[in-house]
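# Summary of structural features
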Amino acid sequence: MHARHDSHVSEGAHFPLKESFLEFLFWVPVNVLQALSLGLLCAIMIPLAIAARKISGSSVPALWMARNVWAPVILAGGLARLRVSGLENLSRVRNALIVSNHRSYSDIPILYRVLPVGLNFAAKKEVERMPLIGTFGRAVGMIFLDRSTHQRAAKGILDLKAALECGEWTAVFPEGTRSADGTLGRFASGSFAAAIAAGV
């Protein structure tokens, strides 16, 4: 499966050299508005998703909200259009480890939106310390990978294996961080070891 997005959302302060100064002046306030609206949306949606998780005792409602409410609004606010191909190759019979490159903050809402499954994520440990997002991640069972020691890294891989064995669809960014220039980075092998061990 392949998903591509076309968007004018800028990463940090980077603006392509081909853009004129007038385009730069136009997109700066647009990006500021996008950032503010994103913060407001997360401040509303994440507590609702956490509450849904606590009330239902299941991550299903929270993940449904992420896919059907949060992700579409985020992508629309980024003026993004999605073109998806290959969904016919996605099996609904059994779960899988979803492996994605990592080019921007848009990757997570894109994956939530295009995959017709209750998708969870494995993320680096630092994400757990982020306000609201870390709380949401813990509520839905996100797997936090701590690479600070071999023992902690191994525990994260075992947690990922257990989630896959329980039938969860889980997405990983094996590059470990976003690519600044779009070049595909070196993959860490741990998530693949977990998938092989889980037989998915």
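The present account deals with the structure reproduced in this document. (Residues numbered from 1 in each chain as written. Predicted model: local features only at pLDDT ≥ 70, side-chain atom pairs only at ≥ 80, totals over all residues. Heavy atoms only, no water.)

For the coordinates displayed, the defined rule picks out three aromatic pairs. With a centroid separation of 5.1 Å and an interplanar angle of 75°, the aromatic rings of Y112 and F121 are classed as edge-to-face. This pair shows no difference in class: Y112 is buried, exactly as F121 is. Measuring from centroid to centroid gives 6.2 Å for F121 and F173, while their planes differ by 20°, and the two rings are stacked. Pair noted here: F121 is in strand β4 (residues 119–124) and F173 is in the loop between β6 (169–172) and α6 (190–198), with a separation of 52 residues, a long-range link. Summarising the burial analysis for this pair, F121 and F173 share the class buried. Chaining the aromatic ring pairs together yields one cluster made of W70, Y112, F121 and F173. (Phe/Tyr/Trp six-rings, centres within 6.5 Å; stacked < 30°, edge-to-face > 60°. Buried < 20%, exposed > 50% of the residue type's maximum accessible area, 1.4 Å probe, protein only. Helix = DSSP H or I, 4+ residues; strand = E, 2+ residues; numbered from the N terminus.)

To continue, consider the sheet that holds β6. Judged by pairing direction, the sheet is parallel, and its four strands sit side by side in the order β3-β6-β4-β5 without closing on themselves. Bordering the open sheet on either side are β3 (97–99) and β5 (143–145), each of which pairs with just one other strand. Going from strand to strand, the sheet's axes swing by 25° on average, the running direction of each strand aside. Strands in contact with helix α5 (residues 150–165) are β3, β5 and β6; relative to β5, the strand with the most contacts, it is inclined by about 155°. (Pairing = 2+ DSSP bridges. Axes fitted to C-alpha atoms, helices over the stretch in contact; angles between N-to-C directions. Contact = heavy atoms within 4.5 Å.)

Summed over all chains, the structure comprises five salt bridges. A salt bridge links R138 to E128; its shortest N-O distance comes to 3.8 Å. Of this pair, R138 sits in helix α4 (residues 133–140) while E128 sits in the loop between β4 and α4, and the two are ten residues apart along the sequence. Residue class for E128 comes out buried when judged on its relative accessible area of 18%. (Salt bridge = Lys/Arg side-chain N within 4 Å of Asp/Glu carboxyl O.)

Honestly, it's all geometry; don't read function into it.
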